[in-house]
Amino acid sequence: GTLRSTKFEILVSEDGINYREAFAGQSSGTTDDLEGFNVNAKARFIKLMCHGNTLNKWNSIIEIVTLKK
């Protein structure tokens, strides 16, 4: 959204048990459009860990798109 940045991590795994961090950061807080984040990782499983936003502990990620190279 355009009012605050959302803080999150993307974790990846090959076996669904052992995860490693592939990305940690936050959205720009300047757009309602999809934002791209480069995650250069091969994985069978993806876990999204949300850590609130710059105003409170609420997250409102409404869409995730993965692109296969």
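Residues numbered from 1 in each chain as written. Predicted model: local features only at pLDDT ≥ 70, side-chain atom pairs only at ≥ 80, totals over all residues. Heavy atoms only, no water.

Engineer: Whenever I open this one, the layout of surface pockets confuses me. Can you help?
Structural biologist: Rolled over the atoms, a probe with the dimensions of a water molecule shows which regions are left empty. Of the volumes computed, that of the largest pocket is approximately 1500 Å³. Around the largest pocket, the lining is made up of 37 residues, and of these Ile 10, Glu 35, Phe 37, Ile 64 and Val 65 lie nearest the centre. (1 Å grid on protein atoms, 1.4 Å probe; cavity = no way out; pocket = protein on both sides within 12 Å on 5 of 7 lines; lining within 4 Å. Points joined across faces, edges and corners; volume = space filled by probe spheres on them.)

Engineer: Would you explain the packing of aromatic side chains in this entry?
Structural biologist: In this description, an aromatic ring pair is defined by two values, namely the gap between the centres and the angle between the planes. Inspection of every chain in the model, using the stated rule, returns three aromatic pairs. Measuring from ring centre to ring centre gives 5.2 Å for Phe 8 and Phe 37, while their planes differ by 85 degrees; the resulting arrangement is edge-to-face. One end of the pair, Phe 8, is in strand 1 (residues 6-13); the other, Phe 37, is in the loop between strand 2 (20-26) and strand 3 (45-53), with 29 residues separating them in the sequence. Taking the relative accessible area as the measure of exposure, Phe 8 reaches 8% and is therefore buried. (Phe/Tyr/Trp six-rings, centres within 6.5 Å; stacked < 30°, edge-to-face > 60°. Helix = DSSP H or I, 4+ residues; strand = E, 2+ residues; numbered from the N terminus. Buried < 20%, exposed > 50% of the residue type's maximum accessible area, 1.4 Å probe, protein only.)

Engineer: How should I be thinking about the sheet that holds strand 2 in this particular structure?
Structural biologist: Where strands meet in a sheet, backbone hydrogen bonds hold them as pairs that are either parallel or antiparallel. Spatial ordering of the open sheet is given by 2-1-3, a layout of three strands whose pairing is antiparallel. The strands lining the two open edges of the sheet, one partner per strand, are strand 2 and strand 3. Sheet twist, expressed as the mean angle between neighbouring strand axes with direction ignored, is 15 degrees. Direction of pairing for strand 1 relative to strand 3: antiparallel, over a ladder of seven bridges. Residue pairing across strands places Phe 8 opposite Cys 50, the latter belonging to strand 3. (Pairing = 2+ DSSP bridges. Axes fitted to C-alpha atoms, helices over the stretch in contact; angles between N-to-C directions.)

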